[in-house]
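# Per-entry structural report
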Amino acid sequence: MELLTATILLLLSPSLPFSFSSAHKTFIHCLVNHSSSHPITESIFTPNNPSFSYVLQSNIRNLRFNTSTTRKPFLIITALHASHVQAAVVCAQRHHMLMKIRSGGHDYEGVSYVAESPFFILDMFNLRSIDVHTETETAWVQSGATLGELYYTIGEKSKTHGFPAGVCPTVGVGGHLGGGGYGNMLRKFGLAVDHVIDAQVVDVQGRLLDRESMGEDLFWAIRGGGGASFCVVIAYKIKLVRVPEIVTVFHVKKTLEQNATDIIYTWQHVAPNIDNNLFIRLIMDVVNSTQNVTKTVRANFLSLFLGDSKSLVSLMNVNFPQLGLKQQDCIETTWLQSTVIYWSDINPSTPLEVLLHRDLPSDYFKMKSDYVNKPISKVGLEGIWEKMIELKDTKVYFSPYGGRMNEIPSNATPFPYRGGTLWMVEYIANWFEPGKDVADYYMNLARKLHKHMTPFVSMNPRGAYYNYKDFDLGINHYGKSSYVEGMVYGYQYFNDNFNRLVQIKTMVDPANFFRNEQSIPVVPYEMILDNGGYSRIMIN
C-alpha cells in the first residue's frame, strides 16, 4: 500500500511541470482503487511522465494533429488487462471525464486522440494478443494488434489461410473492424466484419461481455457501426478464409499518352464484374509527361489474384486485353508475402518481418471518400484528368466492388454499400510542411476534387466510408441538436442502417458516455416523449 501511495503521489506531484486539478486527482485514485487485482499504475501516463510524449505521439499517424497548439490529453491509460478498461469506463463516468479510445491511431481526423475539451486516452496498443486455431479456422485477436501482426501470425500457422482486411500493416484491428474493414480480397470474401463471429467488450456499466451476453443488437452494431460509439471492444473472434498456396500480384502503369483513358473506361466495366478471385485497384496521380514539359495523369493498376500467373494472364487476355498484361508483369508469391508486396509497391525482397513494425513515417494529409454506382463516360473521365492536372497534388483511388459484395444484404452489418456499388473512391492530399496556411491549401485541393466528382457519385445520400472519417460531413457538439447533427454524417456513412444504430445506441448507452465528434447519437428526449416519432425510428 505504501508503494502504491508513493506511485500515485509521483504521478500527481505538484513540483513537476503539469499541475493536476482535484478532479483529475480523484479520477486517478478511482482508477487505482478499481484495479487492485491487476494494478493499473504502470499503465498510467501523465504529462509529468518522461515517456508521456512518446506514448502519445507514437500512434499519431496524421501530423495535422501533432502540433504545439493541439490539445493534449491530461492522461493516457495504456491498458494491460481487461480490468484496466473496466476501471477506465467506470471511473470516467463517475467523474464525468471524456474518454477517447485508440487502437492504431490511423483515424483520419484524429478522433481517437484529439478533442476540443479536456480528455484522456484509453490506448489499447498493449492489448494485442492473437490466438490462431487452424483446426477450427478461427482466431481471437485483441483490438490493439495491428493488421500486420495478425497476418504474420496467421502465416506462421498456415500457408492456406488468410483474412480479408486492409493493406496497411500498421492499422489497428479495433478501429479497422469497428468501421467495416476492406482489403484486396473483398470481391472474393466481402469485408473484414463479415467474418467476425464473436467479440469481447466492456459495456457502459463496466461489464465484460461476449456475443451471447451482449445480445445480437450490440454485436451487429460493433461490426461496422463504429465500436467506440457503443462500448470498448477488447477482442474480436474472426473466421479465417482459405487462400491458395500461390497467389499473383502485378503493378502496371499507364499514362494518358499510353491510352490510359480508354483503359480506365474499360476497367470500370471489367473490374467489378470479372472473376471474384481478381481484385484490380486503380490509383491515379499527376506526374511529368515524358513527351513534353507538361503534366499528365498516370494510372497505376495494382492487383491481387488468388491463383497462379498463367491463369491470371489467360483471364486478363479474355476479359481485359486493353491493359496488355504480360507474364513478366506478374509476381507469384504466397498470400502472406503478397500483403507485404502490395504495401511496399511490389518489392519482392521486402522481408515478412516488416509486418511486425509499428513505426510508420507520418505526414500531413486530408482524405475524403465516395461511392460510384454507374460507369463514368469518357468525357467525364477526361474532365477528371483536367481537374487533377489543375490541382496537381492529389491522388485518387478506385477500389472495385462486385463479387461477394453483391451477395451480402445492405443491412447484414451497419456497412450499407454493397450491391449496386461499382467501386469506392478515395481522394487524398499529402504534404510535408507544418503550418495552417499550408494545411488549408492542401485540404482544399482534396475538397475541390471531391466537389468536381459530384455528378459521378452516389447521391441521396452521397455515400462515405466511416473508416475514412471526414469532418467536412459535419461534427457533433452534443447539445440540443445532437441528433440532427448526427443525422447529417450518419446517413452518409450508414444510409438506412443509421436509424437502427441510433436505436441500439439509445438502448445500450442512453447517457451517451461513448462519444466522439462523429459517433452515433442517442434518440432525443423529446422524441422519446413523442411515442409516434420514436416508433418511427424503431421501425425504419
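## Describing helix α4 (residues 82–94)
The terminal C-alpha atoms of α4 lie 19 Å apart, and with 13 residues this matches the ideal 18 Å at 1.5 Å per residue to within 8%. Of all the residues in α4, the buried ones are A82, S83, H84, V85, A87, A88, V89, C91 and A92. Where α4 ends, the next residue or the one after it, H96, has phi of about 60°, a positive value.

## Looking at the state of the cysteines
Throughout the structure, instances matching the rule amount to one disulfide. One disulfide in the model links C30 with C91; its S-S distance is 2.1 Å. Residues C30 and C91 share a disulfide whose torsion about the S-S bond is about -85°; that sign makes it left-handed. Of this pair, C30 sits in helix α2 (residues 22–33) while C91 sits in helix α4; the two residues are 61 residues apart in sequence, bridging distant segments of the chain. Looking at C231, it has no disulfide partner, and the nearest cysteine sulfur is the one in C91, 18 Å off.

## Observations concerning the packing of aromatic side chains
Within this structure, the stated rule accounts for 28 aromatic pairs. Ring plane angle 65° and centroid distance 5.2 Å describe the contact between W267 and W423, whose orientation is recorded as edge-to-face. Taken together, the residues W267 in helix α10 (residues 260–270) and W423 in strand β18 (residues 423–431) connect sequence positions 156 residues apart. W423 matches W267 in its accessibility class, with the two residues each being buried. Taken together, Y108, Y182, F365, Y371, Y401, F415, Y417, Y465 and Y468 form an aromatic cluster joined through their ring pairs.

## Considering the layout of surface pockets
One number sums up the size of the second largest pocket: a volume of about 780 Å³. Residue lining of the second largest pocket: 31 residues in total, with V114, A115, E116, F471 and E517 positioned closest to the centre. The biggest single contributor to the lining of the second largest pocket is helix α15 (residues 436–452), with four residues. Grouping the constituent residues of the lining of the second largest pocket by class yields 13 nonpolar, nine polar and nine charged.

## Some words on helix α12 (residues 335–343)
Since the α-helix advances by 3.6 residues per turn, residues separated by three or four positions end up pointing in the same direction. The element α12 is largely enclosed, with a buried count of eight among its nine residues. Every buried residue of α12 is listed here: W335, L336, Q337, S338, T339, V340, I341 and Y342. Where α12 terminates, the next one or two residues include D345, which has phi positive at roughly 60°.

## Digging into the sheet that holds strand β10 (residues 232–239)
Strand order in this open sheet of five strands is β5-β6-β10-β8-β9, and the pairing throughout is antiparallel. Only two strands of the sheet have a single neighbouring strand rather than two, namely β5 (130–133) and β9 (208–209). Pairing analysis gives four bridges linking β5 to strand β6 (residues 138–142), with the strands arranged antiparallel. When the sheet's bridge partners are listed, H133 is paired in β6 with T138. In the packing of α4 onto the sheet, the strands contacted are β8 (196–202), β9 and β10, and the crossing angle to β8 comes to about 55°. Most of the contacts of helix α5 (residues 147–157) go to β5, to which it runs at about 35°, and overall it touches β5, β6 and β10.

## Quick notes on the nonpolar core
Counting residues in hydrophobic clusters, the biggest one holds 81 residues, and the most contacted among them are F163, L177, I222, Y236 and I238. If we ignore the near neighbours within four places in the chain, the residues touching I238 are E137, T138, A139, V141, L150, F163, L177, H195, V196 and I197. The next biggest cluster of nonpolar side chains, apart from the first, holds 51 residues, and it includes V252, V297, V372 and A439.

## Structural notes on the packing of α10 against helix α13 (residues 378–391)
Direction vectors running N to C along α10 and α13 enclose 120°, while the axes themselves pass 10 Å from each other. As far as their axial angle goes, α13 and α10 are oblique. Judged by the twist between their axes, the crossing of α10 over α13 is right-handed. Contact with α10, carried on its side by T261, D262, I264, Y265 and Q268, involves K378, L381, E382 and W385 of α13 and no other residues of that element. For the contact of α10 with α13, a count of residues per class yields four nonpolar, two polar and three charged.

What counts, and at which threshold
Residues numbered from 1 in each chain as written. Predicted model: local features only at pLDDT ≥ 70, side-chain atom pairs only at ≥ 80, totals over all residues. Heavy atoms only, no water. Helix = DSSP H or I, 4+ residues; strand = E, 2+ residues; numbered from the N terminus. Expected span 1.5 Å × (residues − 1). Buried < 20%, exposed > 50% of the residue type's maximum accessible area, 1.4 Å probe, protein only. Disulfide = S-S within 2.5 Å. Phe/Tyr/Trp six-rings, centres within 6.5 Å; stacked < 30°, edge-to-face > 60°. 1 Å grid on protein atoms, 1.4 Å probe; cavity = no way out; pocket = protein on both sides within 12 Å on 5 of 7 lines; lining within 4 Å. Points joined across faces, edges and corners; volume = space filled by probe spheres on them. Nonpolar A, V, L, I, M, F, W, Y, C, P; charged D, E, K, R; others polar. Pairing = 2+ DSSP bridges. Contact = heavy atoms within 4.5 Å. Axes fitted to C-alpha atoms, helices over the stretch in contact; angles between N-to-C directions. Core = buried A, V, L, I, M, F, W, Y, C linked by side-chain atoms within 4.5 Å. Parallel < 35°, antiparallel > 145°, perpendicular 65-115°, else oblique. Left-handed = near helix turned anticlockwise from the far one by under 90°.

Just distances and angles here, no functional claims.
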